[in-house]
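Chain by chain, the residues:
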Amino acid sequence: MTTATLPASTPPAAPFRQDAAVIGLVGLAHASSHFGHLLLPLLFPVFMQEFGLSYSQLGLLMTVFFVVSGVGQACAGFVVDRLGARPLMFVALSLFAAACVAGSLVTGYPALFAVAVLAGLGNATFHPVDFTILNQRVSAPRLGYAFSAHGLTGNLGWALAPVFFAGLGALIGWRQAYLAAALMYLGVIALLFVQRAHLHTTVVRKPEPVAGAAQAEHDMAFMKLPVVWWCFGFFLLSTMTLAVVQSYAVSILKAMHGVSFEAATLTISSYMLFGAVGMFIGGFVAAKSQHSDRVVALAMAAGAALLALCGTGLLGATGTMVVLAITGFAVGIGGPSRDMMIKKATPKGATGRVYGLVYSGLDTGFAISPLVFGVFMDRGWYGATLLGAALVLLLSVGAALGVGKRTAKPLQAA
């Protein structure tokens, strides 16, 4: 394996207004994808009551979602590199709209699996699509801020979903709330279609083979780079913690401290909003720092400490909700530096493939976590669930530092 070219190609300087338009449109799409992550878990209490399901059964739904998304994401990276990012963005948003319509019609557990599959397919393309567009269309000096905005809008999508479903669910019912979400996706598709010129990407074509010349590397050659798998491991570990917060924090707060459903849901939205603030600040840090891995490691370590404090049960209801929200801020600061860290590990012309594979670690973490911690929840180990999530987040610190060690010098295959 030859030395990887670092970093991936970056665009020339462009007017601020042009960069801002690209960042805003990609951010809107990213927020929509994160909103779709919560189409099922926010309604877990409803499904338990209406269909008599256990935490483990509900956790399996999220496993299906993220297995479909993870496998699809790794494959989508190759499609993006060959066909461009824009077409797949529109397909993905359409699949989310279809998942919402299907959600409004479910009558039992099997139908919920169909929703999980549709939403998982929709989620599969977003990271290779988003980062291909950002890396190609945003000027290099503004990439740190672009990654910050990308992460921030994702958190806003997560923050909007609980308010959206809790509010509309109370007013018009959960089935109608799903239909309203489908209409929202159609509106996003319409807006992005009108502004589609900002989302165009070019495809790196392989040169024609020349007699006597060295053979070009295979499309899968990037998988021999150890740093890619360290990035994958980081996403797997850090995401297992996030999955606990998204899937079970509402139930944990209710069980440990008697918090109402509305207050617990607001805490999750606060976690995401604090995370968005952290990502905004983290964008400035990422733009200035030469050691992205260290920023990520410090942020994850702080988040693990705060989450472990919540798991002890010593803070009481109000203290736990406040500290859990602040945890989102700590983790959020590391978000833009995380994306800069991945960029440093990306060979030229392989943006879609690398981001697809690396971010499938995110889906793998989301798939594993509900199964593991769903067993904890079914046994009433609520505090242990948070402590376990904190431990996994702490392990991700080592993975981040491992990435930094392998990008501090030109990457070589092992």
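For the structure itself, look to the data block above.
Residues numbered from 1 in each chain as written. Predicted model: local features only at pLDDT ≥ 70, side-chain atom pairs only at ≥ 80, totals over all residues. Heavy atoms only, no water.

S.K.: Where do I start with the packing of aromatic side chains in this structure?
M.R.: This structure, assessed with the given rule, holds 18 aromatic pairs. Note on phenylalanine 280 and phenylalanine 284: the rings are 5.4 Å apart at their centroids and 75° apart in plane angle, and the pair reads as edge-to-face. Of this pair, phenylalanine 280 and phenylalanine 284 both sit in helix α10 (residues 261-288), separated by 4 residues, roughly a single helical turn. Look at phenylalanine 373 and phenylalanine 376: their rings are 5.4 Å apart centre to centre, the planes differ by 70°, and that puts the pair in the edge-to-face class. Here the residue phenylalanine 373 and the residue phenylalanine 376 both occupy positions in helix α14 (residues 351-378), the gap between them amounting to 3 residues, near one helical turn. Owing to a relative accessible area of 4%, phenylalanine 373 belongs among the buried residues under this scheme. Given a relative accessible area of 22%, phenylalanine 376 falls into the partly exposed group. An aromatic cluster is built from Phe35, Phe47, Phe51, Phe96, Phe126, Phe164, Phe165, Trp174, Tyr178 and Tyr185, whose rings are joined through pairwise contacts. For arginine 196, the ring lying beneath its charged end belongs to phenylalanine 193, and the centroid distance is 4.2 Å. (Phe/Tyr/Trp six-rings, centres within 6.5 Å; stacked < 30°, edge-to-face > 60°. Helix = DSSP H or I, 4+ residues; strand = E, 2+ residues; numbered from the N terminus. Buried < 20%, exposed > 50% of the residue type's maximum accessible area, 1.4 Å probe, protein only. Lys NZ or Arg CZ within 6 Å of the ring centre and 35° of its normal.)

S.K.: What is the right way to read the environment of alanine 180 from this model?
M.R.: Structurally, alanine 180 can be placed in helix α8 (residues 174-194). With 79 residues separating them in the primary sequence, alanine 180 and valine 101 have C-alpha atoms 9.1 Å apart. If sequence neighbours within four positions are ignored, alanine 180 has contacts with Phe164 and Leu168. (Contact = heavy atoms within 4.5 Å.)

S.K.: Could you clarify how one ought to interpret the nonpolar core in this entry?
M.R.: The nonpolar side chains of a soluble globular protein tend to be buried, and buried together. The biggest cluster of nonpolar side chains holds 118 residues, and the ones touching the most others in it are Leu39, Leu40, Phe47, Leu112, Leu134, Phe165 and Leu192. In terms of residues, this core owes the most to one element, helix α9 (residues 226-257), which gives 18 residues. Excluding anything up to four places from it in sequence, leucine 134 contacts Val22, Ile23, Val26, Leu143, Ala146, Phe147 and His150. (Core = buried A, V, L, I, M, F, W, Y, C linked by side-chain atoms within 4.5 Å.)

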